[in-house]
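Coordinate analysis (summary)
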Amino acid sequence: MKRKELLLLFGIFLLGFILRVIYLGADSYWFDEANTIGFTQWPLGLFFKHYYVQRPVYFLILRVWVNLFGNGEFVTRLLSVSFGSLSILVLYKFVRLFLNKKIALLSSFILAVSFFHSLWSRTVMNYAFFCLISLISSYYFVKYLKFAHKRDLVLYCIASLISIFTHPFAVFLILVQNLLILHKRAFNLRWIVTQIFLSLGVILLCWALFFHPSFEDTYNRRIHDINRVSPQVLKQDHFLCFTDPIKLYETFTFGGRMMGHGGDGFPVFGWTLPLGYILLVVNTILLLLGLKSISDYFKHKENLDESKQDYEFKRLSLLYILLSIFIPMGVTFIAQFWIENIFCERYFIFSYPFFIVILSISIYKGIRLRWIRKAVIALTAILYIIYCINLYIPVFYQTWRNIVVAVKENLEQGDAIVLIPFAQITSFWFYFKRDDKNALYDKTMDGIYKNGQWVYSFKYDNHPVIGNGFKKIDSFIQGAPFKKLYSEKRNIWLVMSPYWEKVDRDAEKIYRAIRENYKRVFIKYYPFDGVSVEKWIMK
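Here the structure is a predicted model, which is why all the values come from computation and not from measurement.

Quick word on the overall build of the chain
Scanning the chain for helices and strands turns up 24 helices and 9 strands. Relative to all contacts within the chain whose residues are 6 or more apart in sequence, the contacts with residues 24 or more apart total 76%. Surface accessibility of the chain: about 23,600 Å² in total, with carbon and sulfur atoms responsible for 63%.

This is how it looks when you write it as structure tokens:
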């Protein structure tokens, strides 16, 4: 690599790192992050009894990281920032195997300034690591296609095994890789042995997904709870993780419209959204040009100034990029008609870099005039960077630290805490007892795990803490834990997201249930989270 190229790549890497690290610790943990941190406090024996055993690699890495550096917002997110930033370098190496340095550098640059990738590189979850390890697997796979070296095959096998146990969607890449080997007719003994190892990993993954001891309890509980939710709620965008092709395409092209993790999501900062849609239009044009350029390359091999062997390798590499995007999307979109809650946009972060490569190909192969090419690169860069402003606007920060402070500073002996809906239990409880490992280790996003059972109500220091899960609010109000608050004459702290429950007017039902015997003496609303914190005392 020449010095100028190396300096450009380092500058791109540095830009990507800076965009991901700005105000990294300003935001409170949202419930998936708090849930992830909670897992690091679990005894290993209990962790491997949980259904998240299907994706242990990141959690084990994070466990070591937290034990070394603590569970502060900045330091835990810095691990994801590191994985996300390294992906910029690996993408360059991957693209450089079969395309020129300009396309490789541009691909790395777009990934560096991408809102979608930056968002999940600032989150304490496994997605930045999943993207990185998938790129490493792809790099060694394509390198093996080119050189057929044993070392590349071994490293490919190791990376693929790690990716399998980072996220189940890694199976899609292994499927695509085998389809290409079959297409190339390169099923030799080495490849077969490698796939035997990967197949064992897939079998173990399937066991963890469908036959793990926790699966039946988890599946039955979720199906039971989901069946109790009204069809109107199920249709809401915020419910579960259901997505659609339009939302996924918006996510890939400019990052998407919604940033909210609580409530039913909140739009990105007003004046940036039109810029996002301009980026969508620009990237749509670039995508079509990129696909046309790839198609032309496939059609006109006789006019290309390269050897037959080089052409075949490049063709397979481009085919790998296309299949790694469209096969996972196609399979999941079809499967969602039979399987609820199968995916959300972030699951496809492993194929997002390949989408970026197509955009880069379009700029250098589909646009002939140099000044237009430079103008498009400049416009794309400016739009991406401006859209990243949404990551740093304080109005979009989660405020669970402030919510907990508001409650704890005014909490009196015997006060009860009611959390609606269930997702709030995790973030609230994390900050409520942040430094108490005994309080955190048995906490997950589904409530509290005690004695082999999931419960939505418990007591801490004479403070009952109650959550309603996915249950209808009527069942929750009529339930024994909620009724017991009346009989014990406890004052109530109500921490509630009206946005989650607006379809069935659950907020009004809660108010009707407590208004007769209680009066409200404190209320504060936190707009981004959509959370209302209220204190009600006995009349």
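Anyway, onward from the coordinates.
Observations concerning helix α15 (residues 272-299)
The end-to-end C-alpha distance of α15, which contains 28 residues, comes to 40 Å, matching closely the 40 Å that a straight helix rising 1.5 Å per residue would cover. Three or more residues of α15 are buried, namely T272, G276, L279, L280, V282, N283, L286, L287, G290, S293, I294 and Y297. Looking at the buried side of α15, the elements it contacts are α14 (245-253), α16 (308-335), α17 (352-366) and α18 (370-387).

Here we look at the nonpolar core
F94, F98, F141, Y320, I417, F428 and V495 are the most contacted members of the largest nonpolar core, which has 135 residues in total. In this structure, F476, A507, Y511 and A513 belong to the second largest nonpolar core, which totals 19 residues.

Describing the pattern of salt bridges
Scanning all chains against the criterion turns up 13 salt bridges. Close ionic contact of D152 with K143 constitutes a salt bridge, the shortest N to O distance being 3.8 Å. Each of the two residues, D152 as well as K143, counts as buried. The network of salt bridges with common partners includes K143, R151 and D152.

Focus: the pairing of strand β9 (residues 531-538)
Most of β9 is tucked away, with 6 of its 8 residues classed as buried. With 5 bridges connecting them, strand β7 (residues 492-496) and β9 associate as antiparallel partners. Counterpart to M496 in the pairing with β9 is S532. Alignment of strand β8 (residues 518-526) against β9, held across 8 bridges, turns out to be antiparallel. Within β9, the residue paired with Y525 across the bridge is S532.

Focus on a positive patch on the surface
On the surface, a cluster of positive charge is contributed by K2, K4, K101, K102, R370 and K374. Looking at the element boundaries, K102 is found in helix α6 (residues 101-113).

Description of the packing of helix α9 (residues 150-164) against helix α10 (residues 170-184)
Taken N-terminus to C-terminus, the directions of α9 and α10 make an angle of 145°; their axes are 8 Å apart at the nearest point. Packed against α9, whose contacting residues are Y156, S160, S163 and I164, the element α10 presents A170, I174 and Q177 at the interface. The class makeup of the residues in the contact of α9 with α10 is 4 nonpolar, 3 polar and no charged.

What about the confidence of the model for the chain?
Of all residues in the chain, 78% have pLDDT values of 70 or greater, and the mean over the chain is 81. When the elements of the chain are averaged for pLDDT, helix α13 (residues 231-234) gives the smallest value, 39, and helix α5 (residues 73-96) the largest, 97. Every residue in residues 440-449 is under pLDDT 50, and counting partners more than four places away or in other chains gives 51 contacts.

Side note on the side chain of S163
Within the fold, S163 resides in helix α9. In contact with S163, other than residues within four places in its own chain, are F130, I133 and A170.

Some details on a nonpolar patch on the surface
Together, L175, L179, L182, F187, L189, I192, V193, I196, F197, L200 and I203 make up a nonpolar patch on the protein surface, roughly 1,000 Å² of accessible area in all. Residue assignment for the nonpolar patch shows that the elements contributing at least two residues are α10 and α11 (189-211). When residues of the nonpolar patch are assigned to their parent elements, the largest contribution, 7 residues, is made by α11. Under the relative-accessibility criterion, L189 is labelled exposed at 66%.

Digging into the packing of aromatic side chains
In total, this model carries 36 aromatic pairs according to the counting rule given. Both rings, one in F130 and one in F350, keep their centres 5.4 Å apart while their planes meet at 45°; by these two values the pair is tilted. Taken together, the positions of F130 in helix α8 (residues 127-147) and F350 in the loop between α16 and α17 put the pair 220 residues apart, joining distant regions of the chain. When its relative accessible area of 0% is taken as the criterion, F350 is described as buried. Here Y320 and F354 contribute two aromatic rings whose centre-to-centre distance is 5.8 Å and whose plane-to-plane angle is 70°, an arrangement assigned as edge-to-face. With Y320 in helix α16 and F354 in helix α17, this pair connects stretches of sequence that are 34 residues apart. The buried category is assigned to Y320, whose relative accessible area is 0%. Judged by its relative accessible area of 0%, F354 falls in the buried class.

Focus: unusual backbone geometry
The backbone of Y23 sits at a positive phi, close to 50°, despite the residue not being glycine. Topologically, Y23 is positioned in the loop between α1 (3-21) and α2 (31-40). Of the residues examined, Y23 reaches a relative accessible area of 53% and is grouped as exposed. Backbone geometry at K489 places phi at a positive 55°, although glycine is not the residue there. On the secondary structure map, K489 appears in the loop between α23 (480-487) and β7. Take K489: its relative accessible area is 62%, and that puts it in the exposed class.

A few points about the environment of Q177
Tracing the backbone through its elements, the reader meets Q177 in helix α10. The exposure class assigned to Q177 is buried, which follows from its relative accessible area of 0%. Spatially, the C-alpha atoms of Q177 and L323 are 9.2 Å apart, while their sequence positions differ by 146 residues. Residue contacts for Q177: discarding those within four places in its chain leaves S137, F141, Y156, S160, W191 and Y320.

Overview of the packing of α8 against α10
Interaxial distance between α8 and α10 falls to 11 Å at its minimum, and their mutual angle equals 10°. Looking at the two axes, α8 sits roughly parallel to α10. Contacts between α8 and α10 pair F130, S134, S137, S138, F141 and L145 from the former with A170, L173, Q177, L180, I181 and K184 from the latter. Grouping the amino acids of the contact of α8 with α10 by side-chain chemistry returns 7 nonpolar, 4 polar and 1 charged.

Calculation notes
Residues numbered from 1 in each chain as written. Predicted model: local features only at pLDDT ≥ 70, side-chain atom pairs only at ≥ 80, totals over all residues. Heavy atoms only, no water. Helix = DSSP H or I, 4+ residues; strand = E, 2+ residues; numbered from the N terminus. Contact = heavy atoms within 4.5 Å. Areas by Shrake-Rupley, 256 points an atom, 1.4 Å probe, with all protein chains shown as cover. Expected span 1.5 Å × (residues − 1). Buried < 20%, exposed > 50% of the residue type's maximum accessible area, 1.4 Å probe, protein only. Core = buried A, V, L, I, M, F, W, Y, C linked by side-chain atoms within 4.5 Å. Salt bridge = Lys/Arg side-chain N within 4 Å of Asp/Glu carboxyl O. Pairing = 2+ DSSP bridges. Patch = residues over 30% accessible without salt bridge, like charges linked within 9 Å, V, L, I, M, F, W, Y side chains within 5 Å. Lys, Arg positive; Asp, Glu negative; His and termini not counted. Charge placed at Lys NZ, Arg CZ, Asp CG, Glu CD. Axes fitted to C-alpha atoms, helices over the stretch in contact; angles between N-to-C directions. Nonpolar A, V, L, I, M, F, W, Y, C, P; charged D, E, K, R; others polar. pLDDT = per-residue confidence, 0-100. Phe/Tyr/Trp six-rings, centres within 6.5 Å; stacked < 30°, edge-to-face > 60°. Parallel < 35°, antiparallel > 145°, perpendicular 65-115°, else oblique.

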